[in-house]
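Secondary and tertiary structure notes
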Amino acid sequence: VLLSQGTKLTERCIISLRKRKCSFVEVVCSSAHADAPLKFRYRNNGVVRSKAGFEGFYQETVQIIKEAFRTIRLSNHLPLGIIHKLVDSHIVPLMDTYGAMEYIQDIQVHCDYTYRHSINVAIISGILGKSIGLKKEQLEDLVLAGLLHDIGKIMIKLDILNKPGKLTQEEMELMKTHPANGYEFLLQYSQIKESVRDAVLHHHERNDGSGYPASLNKEKISYYGKIVSIADIYDAMTTDRV
């Protein structure tokens, strides 16, 4: 045992943990203004993310992805450098935050759903990937797939995307084109791996063959596609949206 529960985290403790390559410890601190103790991770790089810190960083991430998606919609060009940097510098740290799933649920903002959903699916996909032991490079690809899973929606009119009521049959059929549209759009970028493109194409497929666009069964659905689909459904079911 390096540190027993209840030990105060001193500079001496931190030096000892660094020598043993310990990347983080979970810290509980009391607050006179909180109903319960606050819990967060103290990292060796000095980054501490509390609930308030998470929300601020999350909102900053929303604005970045919002601008990136606007660029795509206006110019039909994917700003790959910004997207990759966003994965490394924003999505992965959010994903690694203690209590990330709980924090996501607490951020219920009624605007910017499309952008928040992309971020949430990326974070949840990454958490699922970590839980099944994916390596760093695989996790980064999976998170990228989650972030881009709805990229095909840039080809759908905003009044349909943001419609505050049930879609008509014609509008629903148009909406169902977004996985294939996203896949086709990403084909022009050789830097994006096939596994990422497949996840974008397959995230609405279902094991029993009832999904779209190709009604694939479980053997034919890509591995990342299955993970992203779970994250996609979970966030859709637990988020207040139109």
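Residues numbered from 1 in each chain as written. Predicted model: local features only at pLDDT ≥ 70, side-chain atom pairs only at ≥ 80, totals over all residues. Heavy atoms only, no water.

Right, let's talk about the environment of Arg206 for a bit. With respect to the helices and strands, Arg206 occurs in the loop between α10 (194-202) and α11 (223-238). When the C-alpha atoms of Arg206 and Ser229 are compared, they prove to be 8.4 Å apart, with 23 residues separating the residues in sequence. Among all residues touching Arg206, those that are not within four sequence positions of it are Gly211, Leu216, Asn217, Ile221, Ser229 and Ile233. Here His203 takes part through its backbone oxygen, which lies 3.3 Å from a polar atom of the side chain of Arg206. (Helix = DSSP H or I, 4+ residues; strand = E, 2+ residues; numbered from the N terminus. Contact = heavy atoms within 4.5 Å. Polar contact = N/O pair within 3.5 Å; in protein donor to acceptor, adjacent residues only side chain to side chain.)

Below, the discussion takes up the pattern of salt bridges. What the rule picks out here adds up to nine salt bridges. Between Glu171 and Lys163 there is a salt bridge, and its shortest N-O distance comes to 2.8 Å. On the basis of relative accessibility, which here comes to 19%, the residue Glu171 falls in the buried class. A residue is classified by how much of its surface remains accessible, and Lys163, at 23% relative accessible area, is partly exposed. (Salt bridge = Lys/Arg side-chain N within 4 Å of Asp/Glu carboxyl O. Buried < 20%, exposed > 50% of the residue type's maximum accessible area, 1.4 Å probe, protein only.)

Time to look at the side chain of His203. Of note, His203 is situated in the loop between α10 and α11. Within the structure, the side chain of His203 is placed 3.4 Å from the side chain of His204, a separation counted as a polar contact. Among residues more than four places away in sequence, those in contact with His203 are His149, Asp150, His178, Pro179, Gly225, Val228, Ser229 and Asp232.

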